[in-house]
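Structural features, examined
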Amino acid sequence: MTLSKLGASQTAWTQEFAFVRGEYALGGEHVPYFSIVMSVSDSRRYLTLAKELALDPDTPINIEELIQRDLNLDRAVDEIAAYLLQPNQLKFFNSLTVVLMPIDGDGRPVENFPSTEELAKEASPDFDHSSAGSVNVKLLKGEPVGYIRWQTDRVKAVIIDGQHRFRALDHVHQSNPLILRPDMTSVPVLILVLDQRMGFHPPVGGPKTILKASRSIFTDLNKHAVKVSPEREYLLDDRSLLAVCTRSVVTSGIGGGSFEKSKTWPGRIPLAIIDWNQPNRSKFGDGFFVSTIQSLHQLVSEVVNTNQPRPTEYERLEAWLDSITARFELSKSNIWKLDTIKDRLREVQQNDLPFALTTTEVEEAAQGFRESIGQIIVQCLLGMTPYSALFSAYSENGFLGGQKEFWLGQAADGRSAYVTQFGENPKADADRLSQSVKKKYRLAYQVVFQRGFILAAREIDSFRNELADLWQIENSRQKVLEQWIKIFNERIESLLDNSDFWWGTAVLFDGSINYNQVSKKAIVGAIVLATIDFPDMGVSIEKVQLSKRSITNLLSSNRGPILELIESDRFTCDAPTEHQTLMAKRWVTALASLEPGVKAHDPLVKLMKAATRMYRDGIKRHIGQLADANNVTLDDDGVEKLLRSFGARRMAFWATD
């Protein structure tokens, strides 16, 4: 029996492609594939880029669809097509990997193939017939060869590996039709049909739907072949706890009311406002976004504040499981089974095997993170005025919660498709809105400041029991964060376009931004000191010899020889109010509380001492840089005078009656 015995295809079906069947079988995991050959003409007719899947303005686009839509056309044309057109050089590509994706009547992908089957009407004693929805396979009895076809209006053949190669071939065909012979040139294609009826069995705890399985394969192909960018791993990796936690605090896609959903508690940050596309980018001071996916991943890591041990560090892994269970408040969950997970850990230890959470367990843990400490990040970015102002501007102009969200939240290729589909280019409006907000709150859109704000909020959350009592509010994460963000907005947001005020934190005296740990911690210290009323620091006014005159001298423009070093400091106050004087005194006593022998028993005193230490270290660095720039040598007494004056002036400035 030869393969050519099969009949012709029906109108709605592809032609029947001869295949060789293969399979990856590892343990209980089975991933079958069908290796076929397609002419360039057939590939242009039947294969699809994810960006070409239909976009429904009333339905959100999920992250995995966005990633697949993100095709770097310049790379395809400039690099790969140029390679194809080089003379006197052999040309060859490895296989494209294609997933047969079921679609609905509007061309949108669905999770799984329908249970009904479109089997071929004819029967043949020489072939075993099988179907998954509208995919038909005829396998020659006793042999791993046969034919495969699919209905083009019910199934899309989506390229998950080789998009750039495919696009380059298409470009060469269109731009140089005499060079590439599309009916003769053929490409190898691996077809995946991720359905149990075709022999697909995911690993235990692994992805079961076509979309999730495609995402996993896409990530692995890129991770283990050409290194995928960190941003792609953060958005697609279902096994990394930090990656899934990062995704848990953003909406799962763009459009479809994602902005409205983000307003509830526990909230999510609209993905459209996060720069998820540009690789190796942490900065967001320019452009349209409130943060980047790389920066957000770093924020998640710092809020989680516990490193996952290596897969064979069994004792440390057990302690880590206890840690994340407590930090993510997973004991409240009905689905997180810590004892079961620990039993599995001990079992793999006995067999000297590596341990990992299943994808289901990672998802459960990330859900706990989102509902607990993940809200520290979410509520700050949703509620702090520098960021909420951008949300409001976009919302009022249709970029969040409106049709333009589909433009804002996509990469360049998706934006071009939006312009083609809807006949408008919103770029000028987006530029105007983002620039007006970021100019007003310039420093808030520096990476180090945003991290400082979030870590200050993490400190506040750690002391929420004491702060709830201090503020006489309900003792819950939600209420304490809301109250603290309100205070932040009242005292801090108006200062975020004033670089001089933030000398001693991340702003250097020449106006440049320093991104190191000292800078970040100094911001944390300054923010905590500015937003929490000082408790009794355990140091008397008499001990630090503070008189009204000495405080006035610290605040005023009347300088002695040492204070002339900070003569460029504009934050002076020659006639301080009583409250400004009090705040200056509190700064000086807070400095004194850092001396050896001064004990802190009150939790809030511990918080304020830690904040004072972080801010002091930043100011001390600033003073040292000023002294070096002016060729001034300072002794310990001179440094102390400058520390007192510099900090007291800022404490007085942000003081409110």
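The coordinates are above.
These notes cover the structure that comes with them. (Residues numbered from 1 in each chain as written. Predicted model: local features only at pLDDT ≥ 70, side-chain atom pairs only at ≥ 80, totals over all residues. Heavy atoms only, no water.)

So, about the nonpolar core. Ranked by internal contacts, the top residues of the largest apolar core, which has 138 residues, are Trp484 and Trp502. For Trp502, the residues in contact, after removing those within four places along its chain, are Leu443, Phe449, Ile492, Leu495, Leu496, Val507, Ala526 and Ile527. Listed in part, the 46 residues of the second largest apolar core include Leu100, Val155, Phe166 and Phe200. (Core = buried A, V, L, I, M, F, W, Y, C linked by side-chain atoms within 4.5 Å. Buried < 20%, exposed > 50% of the residue type's maximum accessible area, 1.4 Å probe, protein only. Contact = heavy atoms within 4.5 Å.)

In the structure shown here, the tally under the stated rule is 22 aromatic pairs. When the ring of Tyr394 is compared with that of Phe399, the centres are 5.6 Å apart and the planes differ by 50°; the resulting orientation is tilted. We classify Tyr394 as buried; its relative accessible area is 0%. Directly above the ring of Phe646 sits Arg650, whose terminal nitrogen or CZ lies 3.8 Å from the centroid. (Phe/Tyr/Trp six-rings, centres within 6.5 Å; stacked < 30°, edge-to-face > 60°. Lys NZ or Arg CZ within 6 Å of the ring centre and 35° of its normal.)

Right, let's talk about the sheet that holds strand 5 (residues 96–102) for a bit. With mixed pairing, the nine strands of this open sheet are ordered in space as 3-9-5-10-2-1-8-7-6. Only two strands of the sheet have a single neighbouring strand rather than two, namely strand 3 (47–48) and strand 6 (127–132). Direction of pairing for strand 7 (residues 135–140) relative to strand 8 (residues 145–150): antiparallel, over a ladder of five bridges. Within strand 8, the residue paired with Asn136 across the bridge is Arg149. Contacts between helix 4 (residues 163–175) and the sheet are confined to strand 3, strand 5, strand 9 (155–161) and strand 10 (186–192), with strand 9 contributing the most and set at about 110° to the helix. (Pairing = 2+ DSSP bridges. Helix = DSSP H or I, 4+ residues; strand = E, 2+ residues; numbered from the N terminus. Axes fitted to C-alpha atoms, helices over the stretch in contact; angles between N-to-C directions.)

With that settled, the discussion passes to helix 9 (residues 293–304). Taking 1.5 Å of rise per residue, 12 residues should cover 16 Å, and helix 9 covers 16 Å from first to last C-alpha, within 8% of that figure. Most of helix 9 is tucked away, with nine of its 12 residues classed as buried. All buried positions along helix 9 are accounted for by Ile293, Ser295, Leu296, His297, Leu299, Val300, Glu302, Val303 and Val304. Downstream of helix 9 by a residue or two, Asn305 has a phi angle that is positive, lying close to 60°. (Expected span 1.5 Å × (residues − 1).)

Now for the pairing of strand 5. With seven of seven residues buried, strand 5 lies mostly within the body of the structure. Burial of the side chains of strand 5 extends over both faces: Leu96, Val98, Leu100 and Pro102 are buried on one face and Thr97, Val99 and Met101 on the other. Relative to strand 10, strand 5 runs parallel, the two sharing four bridges. Bridged to Val99 within strand 10 is Leu192. Note: strand 5 against strand 9, six bridges, orientation antiparallel. By the bridge assignment for strand 9, Thr97 is matched with Asp161.

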